[in-house]
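Notes for the structure review
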Amino acid sequence: MRKKVAILAGDGIGPEITAEAVKVLTALQEHWGLDWVMESGLIGGAAYDATGTPLPDDTLALAQDSDAILLGAVGGPKWETLDISIRPEKGLLGIRSALQLFANLRPAILYPQLVGASTLKPEVVSGLDIMIVRELTGGIYFGQPRGVQRLENGEREGFNTLVYKESEIRRIAQVAFTIAMKRGRRVCSVDKANVLESTELWREVVNEVAKEFPEVELSHMYVDNAAMQLVRAPKQFDVLVTTNMFGDILSDCAAMLTGSIGMLPSASLDQSGKGMYEPIHGSAPDIAGQGIANPLATILSVAMMLRYSLNESAPATCLEKAVGTVLDRGLRTPDIYSPGMSQVSTGAMGDAVVEALINTP
Ligand code: NAI
Ligand code: MG
């Protein structure tokens, strides 16, 4: 059966950056003979404006019916005063939970051409290539009970619950170990097992899964130390696996080691390998509509899509090489510009990647 890719452009720079990713997907079809259908849907603020909801039924149906979803970004000042239940971000969260996209893959890669973009010393970050695997559909963000209540003495109390089932820990650990097998064969599991019982179980289950992967070296780290080590000596890590909240924080920290929000892709996968792919940045309303957004994070998300959902790892590697080629040529959107380089628009960057891709043997 023909594979299907859903294109959800969203808001702000979303439409501009996904247009460049679609150029790449089209070039892959035309020049590499790869085959899939692409279908667009509304999400976020754009969907709210058109239909009154950030996740219309036909968009959800399209997402459910697709092998992979490419998402631009959602949100912006226009919708900030809306009730939280109909805010653009709900569109994204709705897809994540409806499709059970429990494995969030966040690579933090520092391209050698952009070493100067990091705030850390070159010797600390050059060659950085780590993969953070964050559990995305469980933990304290979803645990019950949750809420704010008034105590008998009149004082208010807010509460959330950190809960993980064994099965939820096992499946995310399996994803992390499987990825580690194709990389440096090292997994560091991050928890707070000295204080939180739920993460004591996390550690136990990760140890059990490790037995299925004898070639992978497993270590454990408390989250406070992991935060410190990410800034002190990030290259010690290969694959990091952790809970939803710890992963939220650590993946942003790791992303910033590379200094360039416009360069980092992500994937969110379900049990079967179906996934949603998106840049880690938001809708960047401050630069929307100017043709200056960096499309590379979205284009690199396409590479992850090829690898994880479309079973096309050779083209994925070529696409990543093509991005390296345009950086070698000195092409830079303003967010990664440095003196001596050639400043280019969103569209010119996309065109250059396509050209490099077509010319890559
Ligand atoms: P942001 O990531 O949109 O922007 C932060 C800064 O980075 C801005 O100065 C922006 O111009 C710049 N930037 C981001 N992506 C860029 C790119 N590709 N090229 C060049 N520069 C880029 O984060 P911010 O400003 O906090 O949020 C803006 C909106 O995006 C909010 O409504 C927020 O809720 C939403 N958002 C959506 C996300 C998503 O759709 N997954 C994730 C994060 C935020
Ligand atoms: Mg975050």
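What you see is a predicted model, and the numbers here were worked out from it, not measured in a lab.

Okay, the UniProt feature "site: Important for catalysis" (unreviewed entry) in the protein chain next. Per the UniProt entry, the sites bearing "site: Important for catalysis" (unreviewed entry) are Tyr-141 and Lys-192 in this numbering. Mapped onto the fold, Tyr-141 is located in the loop between β5 (129-135) and β6 (147-150). Those residues in contact with Tyr-141 that sit more than four places away from it in its chain are Asn-244 and Met-245. In this fold, Lys-192 is placed in the loop between β8 (186-191) and α7 (197-210). Accessibility expressed as a C-beta count within 10 Å gives 19 for Lys-192, which makes it partly exposed. Excluding residues within four positions of it along the chain, Lys-192 makes contact with Thr-199, Tyr-222 and Val-223.

The next thing to look at is the packing of helix α11 (residues 313-328) against helix α12 (residues 346-358). Helices that pack against each other are described as a pair by the angle of their axes relative to one another and the distance between those axes. Where α11 contacts α12, the axes come no closer than 8 Å and their chain directions differ by 120°. It follows that α11 is oblique to α12 by the angle criterion. You can see that α11 and α12 cross each other, and the crossing is right-handed. On the side of α11, the interface is formed by Cys-318, Leu-319, Ala-322, Val-323, Thr-325 and Val-326, while α12 contributes Met-349, Ala-352, Val-353, Ala-356 and Leu-357.

For the rest of this paragraph, the subject is the domain arrangement of the protein chain. In many analyses, interface size is given as the accessible surface area lost on bringing the parts together. In terms of domain boundaries, the protein chain breaks down into domain 1 (1-102 + 270-361) and domain 2 (105-263). Placing a centre on the C-alpha atoms of domain 1 and another on those of domain 2 gives a separation of 24 Å. Taken together, the contact pairs 19 residues of domain 1 with 17 residues of domain 2. Elements supplying a minimum of two residues to the side of domain 1 that touches domain 2: α4 (89-98), α10 (296-308) and α11. Of the residues belonging to the side of domain 1 that touches domain 2, the class tally is eight nonpolar, eight polar and three charged.

Cut-off values and rules
- Residues numbered from 1 in each chain as written.
- Chains lettered and ligands numbered in written order.
- Predicted model: local features only at pLDDT ≥ 70, side-chain atom pairs only at ≥ 80, totals over all residues.
- UniProt positions renumbered as here; feature names shortened; annotations may be inferred.
- Helix = DSSP H or I, 4+ residues; strand = E, 2+ residues; numbered from the N terminus.
- Contact = placed C-beta atoms within 7 Å.
- Buried ≥ 20, exposed ≤ 12 C-beta atoms within 10 Å, placed from the backbone.
- Axes fitted to C-alpha atoms, helices over the stretch in contact; angles between N-to-C directions.
- Parallel < 35°, antiparallel > 145°, perpendicular 65-115°, else oblique.
- Left-handed = near helix turned anticlockwise from the far one by under 90°.
- Domains from an automatic or database assignment.
- Nonpolar A, V, L, I, M, F, W, Y, C, P; charged D, E, K, R; others polar.

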